[in-house]
Amino acid sequence: MTNTLHRFGAPETQRNDYIIFAMPSKGINEEGAIGKLQTFLRLAMKYGPVNVGQGSKGGMYRPSSNLTPFAHWSRPEGADPETVFTAMDEPSTVAAVFDDVAKVEALVKDLKAADLGLSINISGLADGANACCKRAGITRHSIEYSLGFHGDLNQLPDRHVLELSTMCGHGMLSHNFARKMIDMVRENRRTPQRAATTMARFCTCGIFNLARAIRVLEQARKGE
Amino acid sequence: MERQVEIDDRKCVACANCVPVCPMGAIYIDPAVNRATVNLDECVECFTCYRGMSKEHMSPTLVRAVRRVAKWLRFRFDPEPDVCPTDALTPQELTWPRTVRRAFSDPLVPHESTGIHGRGTEEVKTNDVTNRVKEGEAGFTIEFGRPGVGVRFRDVQKMTTALAPLPVEFEDKNPVSSLMTDRATGALQPDILNEKVMSAILELKTGLEHVPAVLERVEAVAQELDTIVSIGVATRCDAQGDDQVAPILEREGYVFFRGKTNLGLGRRPEPAAV
């Protein structure tokens with residue numbers, strides 16, 4: 001989940017973008033972890049995450065291998081969190097994305113009470129995550145800061161594209177596709193909601209924040 | 001079996017939906033044959049096109065005919081942008097050293113060296129269980145190629161060889177470390193140097209007192225590379241939850257606000273009773 005560390009955008013654009021994830025450590029506490037990861041997901045679902053997923057199996061927005069041509073007129077857009085539960089057959093990272101830090105705080109309190117024994121991390125504004133910990137009566141163990149991008153920055157696209165594409169840190173959402181979605185929204189050929197859902201299908205870990213993407217697309221449409 | 005992605009000429013209808021989907025910009029419509037084509041030198045085998053796009057299984061002949069009529073009538077066809085209408089993307093067998101591309105590009109493939117998906121390393125995400133980075137230490141994750149630019153291992157090697165002489169310890173359980181032939185010099189396996197991957201994370205740790213020197217070296221070498229370098233710096237917090245790395249980063253002039261916070265809820269299993 002280093003893929004969540006370097007999301008691009010000013011702090012005010014990240015106030016509603018938190019990923020909380022659970023993972024066992026390879027070869028140490030994997031035994032019985034699948035059930036604990038499912039418990040983590042069930043607790044997370046109580047608070048209405050905008051996305052969930054498992055790193056090795058995919059998120060709740062997935063591509064379909066069997067579309068019919070009718071999809072071009074009416075395509076099922078709905079997410080299916082149940083697929084994340086049912087596909088979970090190995091112990092790897094499970095994540096939930098929230099657009100409200102209060103929900104993260106409530107989940108952290110639940111997770112503390114559940115005492116799963118798995119490593120739990122919050123990726124987002126470091127101060128916000130630390131405040132969550134304190135209010136839940138937790139002393140944070142470790143912290144990793146993002147120092148951003150360095151080197152040949154001429155290779156980077158504009159900020160709206162970057163805000164969208166870096167929401168999949170593994171790079172599955174290409175800059176070109178994010179730009180295409182922005183263009184389709186600006187030309188009123190897609191709604192921001194539909195464009196965000198389309199992009200979310202490429203993120204195999206389920207960490208793409210659709211709520212934030214919709215805000216970015218609305219801003220890009222108006223040239224803000 | 002490892003496979004590389006190719007596009008079936010018999011099925012491709014040149015709809016170009018896969019062109020912007022490719023994170024490396026390696027797919028294009030070849031005007032000579034009017035089919036989508038993969039530039040295999042730039043392709044990193046991330047499988048985004050094959051796995052990320054939804055698929056219809058329509059007759060290529062029918063789709064070509066419809067597209068031809070629509071084009072002749074000047075109709076603007078506005079299909080779903082993430083669909084391959086004829087399921088033309090087909091995986092082919094992949095051999096060494098090309099297998100390294102997929103390992104470092106497709107997050108659903110676990111790295112052989114660590115058994116971990118994604119970029120193949122746990123970093124401080126499981127520090128509460130592994131104690132990988134201790135108090136007084138700083139853990140670095142130096143990621144090449146992110147976001148969406150890609151990197152060849154010869155560029156990664158420029159960094160590893162530049163950092164090796166510093167008082168740093170390369171992480172054992174890391175896929176880039178596993179490709180080193182000599183940890184003392186930071187040299188990588190010569191047969192992979194021209195291979196391009198989506199991104200690779202070099203992981204090392206050092207004493208907090210060496211953080212400025214490591215950052216200075218990373219920044220300097222990053223300017224010489226044909227890619228982007230994303231830097232993460234981690235540390236173990238003290239009993240009050242405070243960390244000693246933030247003041248150092250502030251002194252060095254870095255602006256940082258985003259982070260990954262390990263809550264410390266993980267633990268090792270109890271030893272079995274004898």
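This one's a predicted model, so the numbers in the text were calculated from it and none came from an experiment.

Colleague: Help me understand the overall build of chain A in this model?
Modeller: Scanning chain A from terminus to terminus reveals 8 helices and 6 strands. Its helices and strands in sequence order give chain A the pattern β-α-β-β-α-β-α-β-α-β-α-α-α-α, from N to C terminus. Buried positions account for 58% of the 224 residues belonging to chain A.

Colleague: Before we go on, may I ask you to explain the overall build of chain B in this structure?
Modeller: Secondary structure assignment for chain B yields 9 helices and 15 strands. When the backbone C-alpha atoms are referred to their principal axes, chain B occupies close to 70 × 50 × 40 Å. The contacts in chain B between residues at least 6 apart in sequence include a share of 75% that link residues at least 24 apart.

Colleague: So what exactly am I meant to see when it comes to the confidence of the model for chain A here?
Modeller: Detailed reading of the predicted model is not advised wherever pLDDT is low. Across chain A, the average pLDDT comes to 93, with 99% of residues at 70 or higher. Least confident of the elements in chain A is helix H2 (residues 81-87) of chain A, whose mean pLDDT is 86; most confident is helix H6 (residues 175-186) of chain A, at 98.

Colleague: Explain the interface of chain B and chain A to me, please; I cannot follow it from the model alone.
Modeller: Listed per partner, the contact involves 82 residues of chain B and 77 residues of chain A. Going through the elements one at a time, helix H1 (18-21), helix H2 (48-52), strand E4 (54-55), helix H5 (127-130), strand E7 (137-144), helix H8 (211-222), strand E14 (228-236) and strand E15 (258-262) of chain B are the ones with two or more residues in the side of chain B that touches chain A. Considering every element that reaches the side of chain B that touches chain A, the biggest residue donor is E14(B), with 9 residues. Split by residue class, the side of chain B that touches chain A holds 36 nonpolar, 26 polar and 20 charged.

Colleague: What's the story with the environment of B:Thr48 in this structure? I'm lost.
Modeller: Relative to the elements of secondary structure, B:Thr48 occurs in helix H2. C-alpha of B:Thr48 to C-alpha of B:Val19: the two residues are 29 residues apart in sequence and 11 Å apart in space. If near-sequence neighbours (up to four positions away) are discounted, B:Thr48 is found in contact with A:Met172, A:Phe202, B:Val21, B:Cys22 and B:Pro23.

Colleague: What is the right way to read the domain arrangement of chain B from this model?
Modeller: In many analyses, interface size is given as the accessible surface area lost on bringing the parts together. All names here are of chain B. Annotation of chain B at the domain level lists domain 1 (3-94) and domain 2 (108-251). For domain 1 versus domain 2, the distance between C-alpha centres works out to 36 Å. With 5 residues of domain 1 at the contact, the number on the domain 2 side is 5 residues. A breakdown of the residues in the side of domain 1 that touches domain 2 according to their chemical character gives 4 nonpolar, no polar and 1 charged.

Colleague: Quick question: what am I supposed to make of the packing of H6(A) against helix H7 (residues 192-200) of chain A here?
Modeller: When two helices pack together, you describe them by how their axes are tilted relative to each other and by the distance separating the axes. Residues and elements named next belong to chain A. Packing of H6 against H7 leaves a shortest axis separation of 9 Å and a crossing angle of 165 degrees. When the axis of H6 is compared with that of H7, the two are roughly antiparallel. As for the relative orientation of H6 and H7, their crossing is right-handed in sense. The residues of H7 that touch H6, namely those facing Ala178, Met181, Met184 and Val185, are Pro192, Ala195, Thr198 and Met199. For the contact of H6 with H7, the per-class residue count stands at 7 nonpolar, 1 polar and no charged.

Colleague: How should unusual backbone geometry be read in this particular structure?
Modeller: Generally, phi is negative for residues other than glycine and the peptide bonds are trans, each holding for most cases. Residue and element names in this part refer to chain B. Here the bond from Trp96 into Pro97 is cis, since omega is 5 degrees, no more than 30 degrees from zero. By secondary structure assignment, the location of Pro97 is in the loop between strand E6 (89-93) and helix H4 (99-103). Across the junction of Arg146 and Pro147, the peptide omega takes the value 10 degrees, indicating a cis bond. As for its position among the elements, Pro147 is in the loop between E7 and strand E8 (151-152).

Colleague: Where do I start with the nonpolar core in this structure?
Modeller: Note that soluble globular proteins tend to have their nonpolar side chains buried in a common cluster. Core analysis: the largest hydrophobic core is formed by 136 residues, its most contacted members being A:Met199 and A:Ala213. Counting the residues that make up this core, at least three belong to each of domain 1 (3-94) and domain 2 (108-251) of chain B. Ignoring anything within four residues of it in the chain, the contact list for A:Ala213 reads A:Leu164, A:Met167, A:Ala196, A:Met199 and A:Phe208.

Colleague: What is the right way to look at the packing of H6(A) against helix H8 (residues 210-222) of chain A in this model?
Modeller: All names here are of chain A. One can describe the packing of H6 onto H8 by two numbers: an axis separation of 9 Å at closest approach and a directional angle of 60 degrees. With respect to H8, the axis of H6 lies oblique. Crossing of H6 against H8: the hand is right-handed. Packed against H6, whose contacting residues are Ile182, Val185 and Arg186, the element H8 presents Leu217, Ala220 and Arg221 at the interface. Here the residues of the contact of H6 with H8 are counted per class, giving 4 nonpolar, no polar and 2 charged.

Colleague: Looking at this structure, how should I read the sheet that holds E15(B)?
Modeller: An order of E3(A)-E2(A)-E4(A)-E1(A)-E5(A)-E15(B)-E6(A)-E14(B)-E7(B)-E13(B)-E9(B) is seen for the 11 strands of this open sheet, with the pairing classed as antiparallel. Each edge of the sheet is formed by a strand with only one pairing partner; in this case those strands are strand E3 (58-59) of chain A together with strand E9 (169-170) of chain B. This element, H8(B), spans strand E6 (142-151) of chain A together with E7, strand E13 (200-207) and E14 of chain B of the sheet and lies at about 170 degrees to E14(B).

Colleague: Would you take a moment to explain the environment of A:Thr191 for this structure?
Modeller: Its location among the elements puts A:Thr191 in the loop between H6 and H7. For A:Thr191 and A:Arg159, which are 32 residues apart along the polypeptide, the C-alpha to C-alpha distance reads 20 Å.

Colleague: What is the right way to read the pairing of E15(B) from this model?
Modeller: On a regular strand, each side chain points to the face opposite its neighbour's, so the side chains alternate between the two faces of the sheet. With 5 of 5 residues buried, E15(B) lies mostly within the body of the structure. Going residue by residue along E15(B), you find B:Arg258, B:Lys260 and B:Asn262 tucked away on one face and B:Gly259 and B:Thr261 tucked away on the opposite face as well. Taken together, the 5 bridges between strand E5 (residues 119-125) of chain A and E15(B) define a ladder with antiparallel strand orientation. Across the sheet, residue A:Leu125 finds its bridge partner in E15(B), namely B:Arg258. Looking at chain direction, E6(A) and E15(B) are connected through 4 bridges and run antiparallel. Counterpart to A:Tyr145 in the pairing with E15(B) is B:Gly259.

About the thresholds
Residues numbered from 1 in each chain as written. Chains lettered and ligands numbered in written order. Predicted model: local features only at pLDDT ≥ 70, side-chain atom pairs only at ≥ 80, totals over all residues. Helix = DSSP H or I, 4+ residues; strand = E, 2+ residues; numbered from the N terminus. Buried ≥ 20, exposed ≤ 12 C-beta atoms within 10 Å, placed from the backbone. Contact = placed C-beta atoms within 7 Å. pLDDT = per-residue confidence, 0-100. Nonpolar A, V, L, I, M, F, W, Y, C, P; charged D, E, K, R; others polar. Domains from an automatic or database assignment. Axes fitted to C-alpha atoms, helices over the stretch in contact; angles between N-to-C directions. Parallel < 35°, antiparallel > 145°, perpendicular 65-115°, else oblique. Left-handed = near helix turned anticlockwise from the far one by under 90°. Core = buried A, V, L, I, M, F, W, Y, C linked by C-beta atoms within 7 Å. Pairing = 2+ DSSP bridges.

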